[in-house]
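# Observations on chain architecture
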Amino acid sequence: MLAESLFFSAVLFTIGVVGVLTRRNAIIVFMCVELMLNAVNLTFVAFARVYGVAGQVFVFFVMTVAAAEAAVGLAIIIALFRHRQTVNLSNINLLKG
Amino acid sequence: MSHGELPLFYVFHFYLFGIIAIASAVAFVTRKSPVAAALWLVNTMFSLAALYVLLDAHFIGVIQVLVYAGAIMVVFLFVIMLLNLGHASDIADARGIGWKLAAGLVGLALLAQVFALTRARVPEALALPDGTVAEQVAARGAIAPIAGPLFNEYLLAFEVTSVLLLAAVVGAVVLGKRRGSADAR
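All values derive from a computational prediction rather than experimental measurement. (Residues numbered from 1 in each chain as written. Chains lettered and ligands numbered in written order. Predicted model: local features only at pLDDT ≥ 70, side-chain atom pairs only at ≥ 80, totals over all residues.)

What follows concerns the overall build of chain B. Along the backbone of chain B there are 7 helices and 0 strands. For chain B, the N- to C-terminal ordering of α and β elements is α-α-α-α-α-α-α. If you take every contact in chain B between residues at least 6 apart in sequence, the share linking residues at least 24 apart comes to 55%. (Helix = DSSP H or I, 4+ residues; strand = E, 2+ residues; numbered from the N terminus. Contact = placed C-beta atoms within 7 Å.)

This is the structure:
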């Protein structure tokens, strides 16, 4: 089922990318990034079945980094909301050229 | 593993959960309300856990439910409700039609690229014999085949991960601290 897993993973990753590009709510953009990480995890697990269990260990590290990223990212979003009273990315344009 | 030896039960559920995952992901990016989007993402993660179990990664499937669907998404929902963003009507969220077209084109290009990558020839010599991982799980349980390499070959990465988590905890506390309150500095 390697080919099918890679197909599902590619579709999920693309949905995540399209979500990041089309949504303006910072939290939903952030969740789209999580969806992309999940798609990559599916690829790791599918290859781990063929090439040995090291891929599953990498999924572990990806999950740990995702947890750390969620904690810090959501703290940043809360700080941003406190500062600007919005999480709409089109209103957060201080660095826009 | 070749297709011929897989039972129909297995193949049916593999496709079922894969299609549920993709449909939930589509629902997730199209929902206006952040709470509904988060719940659809939880559904995607549950389906992925089922796929992991079907791919002989039982422990990863359990961790997916506990850590992703359980912990990370609860934090997301907590923040959505803390910021009181639940009302779909007053947030014009999706970008304009030009952005959507551009995003669709980028998505199609990316999909084509990833497909080309998945069609790439992977070295046959590195592949283990069919069912090796399943045999390891049957012989040593679901956790031992992962725990072995995690605490031997990847021990340094494991320790570095703990430092990363500590840094993330400290960073989240510092960022979440109210500036200017009496006990802040």
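This part is about the overall build of chain A. Regarding its fold elements, chain A presents 3 helices and 0 strands. Starting at the N terminus, the α and β elements of chain A follow one another as α-α-α. Relative to a compact globule of 97 residues, whose C-alpha radius of gyration would be 13 Å, chain A shows 16 Å and is clearly more extended. In terms of principal-axis extent, the alpha carbons of chain A reach across some 50 × 25 × 20 Å. Within chain A, the proportion of its 97 residues that are buried is 51%. Expressed as a percentage of contacts within chain A between residues at least 6 apart in sequence, the contacts between residues at least 24 apart total 44%. (Rg over C-alpha atoms; globule rule 2.2 N^0.38 Å. Buried ≥ 20, exposed ≤ 12 C-beta atoms within 10 Å, placed from the backbone.)

Attention shifts here to the interface of chain B and chain A. Between chain B and chain A, the contact holds 66 residues from the first and 59 residues from the second. When residues of the side of chain B that touches chain A are traced back to their parent elements, those giving at least two are helix H1 (8–30), helix H2 (34–54), helix H3 (58–82), helix H4 (97–118), helix H5 (132–140), helix H6 (144–151) and helix H7 (155–176) of chain B. Considering each element in turn, the side of chain B that touches chain A owes the most residues, 11 residues, to H4(B). Of the residues assigned to the side of chain B that touches chain A, the class counts are 53 nonpolar, 9 polar and 4 charged. (Nonpolar A, V, L, I, M, F, W, Y, C, P; charged D, E, K, R; others polar.)

Here we take up the nonpolar core. Counting 68 residues, the largest nonpolar core has A:Leu12, A:Ile27, A:Met31, A:Val45, B:Leu41 and B:Tyr52 as its most contacted members. At 14 residues, helix H2 (residues 26–51) of chain A tops the list of elements feeding residues into this core. Apart from residues no more than four positions distant in its own chain, A:Ile27 is found in contact with A:Ile77, A:Val87, B:Pro34, B:Phe76, B:Val79, B:Ile80 and B:Leu85. (Core = buried A, V, L, I, M, F, W, Y, C linked by C-beta atoms within 7 Å.)

Its 22 residues place the ends of H4(B) 31 Å apart at the C-alpha level, agreeing with the 32 Å of an ideal helix rising 1.5 Å per residue. Within H4(B), burial applies to B:Ala103, B:Gly107 and B:Val114. Along the axis of H4(B), the buried positions cluster into a sector of 40°, meaning they face one direction only. Along H4(B), exposed side chains directed more than 90 degrees from the buried face belong to B:Ile97, B:Gly98, B:Leu101, B:Leu105, B:Leu108, B:Ala109, B:Ala112, B:Gln113 and B:Ala116. Contacts from the buried residues of H4(B) go to helix H1 (2–22) of chain A. (Expected span 1.5 Å × (residues − 1). Arc of directions from axis to C-beta.)

Two numbers describe a pair of packed helices, the interaxial angle and the distance between the axes. Residue and element names in this part refer to chain A. Contact geometry of H2 with helix H3 (residues 54–84) gives a least axis separation of 8 Å together with a crossing angle of 175°. The angle between H2 and H3 places the two elements in the roughly antiparallel class. Mapping the contact onto sequence places Ala 26, Ile 27, Phe 30, Glu 34, Leu 37, Val 40, Asn 41, Phe 44, Val 45, Phe 47, Ala 48 and Tyr 51 in H2 and Ala 54, Gly 55, Gln 56, Phe 58, Val 59, Val 62, Ala 66, Gly 73 and Ile 77 in H3. Class assignment for the residues of the contact of H2 with H3 results in 16 nonpolar, 4 polar and 1 charged. (Axes fitted to C-alpha atoms, helices over the stretch in contact; angles between N-to-C directions. Parallel < 35°, antiparallel > 145°, perpendicular 65-115°, else oblique.)

Let us now look at H2(B). Residue and element names in this part refer to chain B. Between its terminal C-alpha atoms H2 stretches 30 Å, which fits the 30 Å expected from 21 residues at 1.5 Å a residue. The element H2 is extensively covered by neighbouring structure, given that 15 of its 21 residues are classed as buried. Two residues or fewer after H2 comes Asp 56, characterised by a positive phi angle close to 70°.

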